[in-house]
Amino acid sequence: PVVLKVENLCKYYHGHGEKKLALKDLNLDIHRREFVCVIGPSGCGKSTFSRIVAGLEPYDAGSVQVDNEQVIGPCRNRGMVFQGYTLFPWRTVKQNVMFGPQMNGADRDSAEKAALQWLELIGLEQYADAFPDQLSGGMKQRVAIARALVNEPKILLMDEPFGALDPHTRQKMQQHLLDIWRNIDITVIFVTHDMDEAILLADRIVVLKANPGELIETIEVPVARP
Ligand code: ADP
Ligand code: ADP
């Protein structure tokens, strides 16, 4: 089944009295459990696309549907992981992961239980009471993934999530993400400008070009994952 349906999506930015077309007539279907990488040069609209799908950015024309529902704002159907570790520094690791369920009305005990389950799955349960600045970059990014997944989203959206990591940590995180993806019912949309990373991770690569951001092609990747 199709989990994300994008039809004739257009997005303009306004600045200095002019309109700039950031995404032009994008059409795309993404299926349940697919791992899709979105790739293209800087400025082609990759981040804009992921923010629109996340419900964090309005769009000007076309339609974006997740599970047949129009995207009109943030929702627990989509979990988002950014390049910068967007963890609250004044909260513990566990409290960071509990935040999503609590926002959704879960009581403390069930939010804590869910958080601890996810921390165990990402191998950081012993850091539950640590603060983010006590963790390495890769560990922080694992917590960010747990925080995105704890609400059981349909789609995990990742915007250059490993861009700030050193090559060794990055490789470990790629493997880690693949392990998670294989073990749970999740569709991954992964934005990167690194073709090697896209080929390593994706079932399918969506290639955008810049000026204006436009879909050039989608490439099925022969499966050769680690
Ligand atoms: P990418 O992630 O592929 O680098 P972006 O989605 O960040 O591309 O940007 C696409 C285009 O839209 C670029 O030309 C960028 O300068 C422009 N843009 C992005 N965000 C804004 C904004 N908030 N206001 C105006 N222009 C923007
Ligand atoms: P909706 O009411 O559209 O279903 P949710 O109840 O899922 O949305 O989310 C309510 C608010 O909580 C949203 O503004 C969203 O940004 C925020 N939120 C949801 N999940 C998370 C999360 N994992 N981390 C941080 N904030 C979240």
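Residues numbered from 1 in each chain as written. Chains lettered and ligands numbered in written order. Predicted model: local features only at pLDDT ≥ 70, side-chain atom pairs only at ≥ 80, totals over all residues. Heavy atoms only, no water.

**A short note on the site of ligand 2**
We count it as follows: Think of it this way: one heavy atom of a residue within 4 Å of a molecule or strand is enough to make that residue near it. Whenever a nitrogen or oxygen atom comes within 3.5 Å of another N or O atom, the pair is scored as a polar contact, on the condition that within protein one atom can donate a hydrogen and the other can accept it, and that pairs from neighbouring residues in sequence are kept only if both atoms are in side chains. Using the Shrake-Rupley algorithm and a 1.4 Å probe, accessible areas are obtained, with residue cover drawn only from the displayed protein chains. Secondary structure elements follow DSSP: runs of H or I of four or more residues count as helices, runs of E of two or more count as strands, with numbering from the N terminus.
Residues in contact with ligand 2, as listed here, are Pro74, Cys75, Arg76, Phe99, Gly100, Met103, Asn104, Arg147 and Asn151. Here an oxygen atom of ligand 2 sits 2.9 Å away from a polar atom, N or O, in the main chain of proline 74. Measuring from an oxygen atom of ligand 2, one finds a side-chain N or O atom of asparagine 104 at 2.6 Å. For ligand 2, the protein covers 59% of the area, taking 550 Å² as the surface of the free molecule. For the shell around ligand 2, the element with the most residues is helix 2 (residues 93-103), which contributes three residues.

**What about the packing of aromatic side chains?**
Defined as follows: Working definition: a ring pair exists when centres of Phe, Tyr or Trp rings (six-membered ring for Trp) sit within 6.5 Å. Plane angles under 30 degrees give stacked, over 60 give edge-to-face, the rest tilted. Charge over a ring is defined by NZ of Lys or CZ of Arg lying within 6 Å of the ring centre and within 35 degrees of the ring normal.
Applying the stated criterion across every chain, the model contains five aromatic pairs. Aromatic side chains phenylalanine 35 and phenylalanine 190 sit 6.1 Å apart centroid to centroid with 40° between the ring planes, which places their arrangement in the tilted category. In this pair, phenylalanine 35 sits in strand 3 (residues 35-39) while phenylalanine 190 sits in strand 8 (residues 187-191), placing the two residues 155 residues apart along the sequence. Considering the side-chain rings of phenylalanine 88 and tryptophan 90, the 5.3 Å spacing of their centres and the 35° angle between planes classify their relative orientation as tilted. An aromatic cluster is built from Phe35, Phe162, Trp181 and Phe190, whose rings are joined through pairwise contacts. Its guanidinium or amino end placed over the ring of tryptophan 181, arginine 33 lies 5.7 Å from that ring's centre, counting from NZ or CZ. Stacked on the ring of phenylalanine 88, the Lys or Arg arginine 91 has its end atom at 4.7 Å from the ring centre.

**Quick look at the pattern of salt bridges**
Operational definition: For salt bridges, the criterion is a side-chain nitrogen of Lys or Arg within 4 Å of an Asp or Glu carboxyl oxygen. Exposure categories follow from relative accessible area, calculated using a 1.4 Å probe and restricted to protein chains: below 20% of the type maximum is buried, above 50% is exposed, and the middle band is partly exposed.
Scanning the model with the defined rule gives 14 salt bridges in all. A salt bridge links glutamate 197 to arginine 170; the shortest N-O distance between them is 2.9 Å. Residue glutamate 197 is found in helix 6 (residues 195-201), and its partner arginine 170 is found in helix 5 (residues 167-183); the two are separated by 27 residues along the sequence. Given a relative accessible area of 3%, glutamate 197 falls into the buried group. The partner of aspartate 179 in a salt bridge is arginine 182, with the nearest N and O atoms 3.7 Å apart. Residue aspartate 179 and its partner arginine 182 are both found in helix 5; the two are separated by three residues, about one turn of the helix. Overlapping salt bridges bring together Lys94, Arg108, Glu112 and Asp129 as one network.

**Notes on the environment of cysteine 75**
In this fold, cysteine 75 is placed in the loop between strand 5 (69-70) and strand 6 (78-81). In this structure cysteine 75 comes out as partly exposed when scored by relative accessible area, which is 34%. Cysteine 75 sits 20 residues away from glycine 55 along the chain, and the two C-alpha atoms are 7.2 Å apart.

**What to know about the packing of helix 4 (residues 137-149) against helix 5**
Rule in force here: Angular values range over 0 to 180 degrees, each being the angle between N-to-C directions of two axes fitted as lines to C-alpha atoms, with helices fitted over their stretch in contact. Any angle from 65 to 115 degrees is called roughly perpendicular, while one under 35 is roughly parallel, one over 145 is roughly antiparallel, and all others are oblique. Rotating anticlockwise by less than a right angle from the far helix to the near helix defines a left-handed crossing, while the corresponding clockwise rotation defines a right-handed one. Residue contacts are defined here by distance: any two heavy atoms, one from each residue, within 4.5 Å place the two residues in contact. Gly counts as polar in this scheme, as do all residues outside two lists: the nonpolar Ala, Val, Leu, Ile, Met, Phe, Trp, Tyr, Cys and Pro, and the charged Asp, Glu, Lys and Arg.
The geometry of helix 4 relative to helix 5 is characterised by a closest axis approach of 10 Å and an angle of 25° between their N-to-C directions. As the angle between them shows, helix 4 and helix 5 are arranged roughly parallel. Considering only the axes of helix 4 and helix 5, their crossing is right-handed. Along the contact surface, helix 4 presents Gly138, Gln141, Arg142, Ile145 and Leu149, while helix 5 presents Thr169, Met173, His176 and Ile180. The residue inventory of the contact of helix 4 with helix 5, partitioned by class, reads four nonpolar, four polar and one charged.

**Examining the site of ligand 1**
Surveying the vicinity of ligand 1 reveals the residues Tyr13, Lys20, Ala22, Pro41, Ser42, Gly43, Cys44, Gly45, Lys46, Ser47 and Thr48. One of the backbone N or O atoms of cysteine 44 is found 3.2 Å from an oxygen atom in ligand 1. A distance of 2.9 Å separates an oxygen atom of ligand 1 from a polar backbone atom of serine 47. In the complex, 62% of the free accessible area of ligand 1, which totals 560 Å², lies under the protein chains. For the shell around ligand 1, the secondary structure elements donating two or more residues are strand 2 (18-31) and helix 1 (46-54). It is helix 1 that contributes the most residues to the shell around ligand 1, three residues altogether.

None of the figures reported here should be taken as evidence of function without further support.
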